Amino acid sequence: MLLTSPSWELEILPERGGRITSLRLGGEELLDQGIGIDDPTAADFVGGGAQGWDEMVPTVEATASLPDHGEAWRVPWVVDQESGSSALMSCRGRVVPFELRRRIEVSGRVRVDYKYTNAGTEPHLAYWCAHPLFRFEQGMEIGVPGGEELTALAPGTSTKAFLPKGSINRVRLGWKSGVAIELAWDAGLTPYFGVWVCNGDLGGYRQIAIEPATGGNDRPDPAEPPPVLAPGETFEWWFEIRDGR
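In this text, all values refer to a predicted model and were calculated from it rather than measured experimentally.

Visitor: Which residues make up the overall build of the protein, and what values do they have?
Guide: Assigned secondary structure in the protein consists of two helices and 19 strands. Here the C-alpha atoms of the protein give a radius of gyration of 17 Å, agreeing with the 18 Å that 2.2 N^0.38 yields for 245 residues. Across its three principal axes, the protein shows a C-alpha extent of roughly 50 × 40 × 35 Å. Each of the 245 residues in the protein was classed as buried or not, and the buried ones make up 53%. The contacts in the protein between residues at least 6 apart in sequence include a share of 59% that link residues at least 24 apart. Accessible surface, the protein: about 9,600 Å² in total, of which carbon and sulfur atoms supply 50%. The distance from the centre of the 22 positive side-chain charges to the centre of the 35 negative ones in the protein is 3 Å.

What follows is the structure, encoded as structure tokens:
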């Protein structure tokens, strides 16, 4: 599936966990294209092909019952509506009874609207984390506190940093080519935030992920909880990528 506007091109594989495989601004690819690994049956996310943009629902970190980086990237998505510049898609959990609906629209910016529904019979924590894996370059602009250290990350290493709850609602990324973007969200709805940087670790990936989330600690954690939804209850939020050139 290809969505386009005068500035943006976005490609999606619904059958591959709804993965956004490509995001181009002015013809330049922004997402990491991986290292040639793409195995949706792998037990771990890195082995499955850590590339492009997936939705981390209902966890990032594996738990006793949930797999690494959640379920949403492992199940096929249903395309409910589609046009040349927008798509409405959904998926359902197998371990946790959730339904996630995602509407993507490209125009002067990329706008993503989400709706999470508790499709089960008991209350549960509605955890989501954004997981767009952008290309990492040493010396690129990373507009977060501590970004100077992150952009100088040594080859062959990786790191993840968390910022205080509700302290940030936008991040600017800029590449040496001159292409730049601003990522924005509502910190009242998705108040938790992490940034992942990998410079050749994990087999050779070079990527940076900007990760607003509904809950903290990379999992549905009662200590830093996402919303608790009763059966049939919903929660909605949004995420945007804007042209920063």
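Visitor: Talk me through the nonpolar core; I want residue IDs and the actual numbers.
Guide: Among the nonpolar cores identified, the biggest contains 56 residues, and Leu23, Phe134, Leu173, Ile181 and Ile208 are the most heavily contacted of them. When near neighbours in sequence (up to four residues on either side) are disregarded, Phe134 contacts Leu23, Leu30, Leu31, Asp32, Leu173, Trp175, Ile181, Leu183, Arg206, Gln207, Ile208 and Ile241. If you look at the next biggest cluster of nonpolar residues, it comprises 14 residues, including Ala50, Met56, Leu133 and Tyr192.

Visitor: I'd love a proper account of the packing of aromatic side chains, names of residues and values included.
Guide: One pass over the full model with this rule turns up ten aromatic pairs. With 5.0 Å between their ring centres and 50 degrees between their planes, Trp128 and Trp237 make a pair best called tilted. With a gap of 109 residues between them, Trp128 in the loop between strand 10 (124–125) and strand 11 (129–135) and Trp237 in strand 19 (residues 234–243) connect regions that are remote in the sequence. For Trp128, a relative accessible area of 0% puts it in the buried group. Ring geometry for Trp185 against Phe239: centres 6.2 Å apart, planes inclined by 45 degrees, an arrangement best described as tilted. Placement of the pair is Trp185 in strand 15 (residues 180–185) and Phe239 in strand 19, with a sequence separation of 54 residues. Of the two residues, Trp185 and Phe239, both sit in the buried class. Put simply, the rings of Trp53, Trp185, Phe193 and Phe239 touch in pairs and so form one group of aromatic residues.

Visitor: Could you give an account of the pairing of strand 6 (residues 78–82), with specific residues and numbers?
Guide: Where strand 6 and strand 7 (residues 86–92) come together, four bridges link them in antiparallel fashion. Bridge pairing links Val79 to Met89 in strand 7. Joining the antiparallel neighbours strand 6 and strand 7 is a turn of three residues.

About the thresholds
- Residues numbered from 1 in each chain as written.
- Predicted model: local features only at pLDDT ≥ 70, side-chain atom pairs only at ≥ 80, totals over all residues.
- Heavy atoms only, no water.
- Helix = DSSP H or I, 4+ residues; strand = E, 2+ residues; numbered from the N terminus.
- Rg over C-alpha atoms; globule rule 2.2 N^0.38 Å.
- Buried < 20%, exposed > 50% of the residue type's maximum accessible area, 1.4 Å probe, protein only.
- Contact = heavy atoms within 4.5 Å.
- Areas by Shrake-Rupley, 256 points an atom, 1.4 Å probe, with all protein chains shown as cover.
- Lys, Arg positive; Asp, Glu negative; His and termini not counted.
- Charge placed at Lys NZ, Arg CZ, Asp CG, Glu CD.
- Core = buried A, V, L, I, M, F, W, Y, C linked by side-chain atoms within 4.5 Å.
- Phe/Tyr/Trp six-rings, centres within 6.5 Å; stacked < 30°, edge-to-face > 60°.
- Pairing = 2+ DSSP bridges.

These results come straight from atomic positions and should not be treated as a statement about function.
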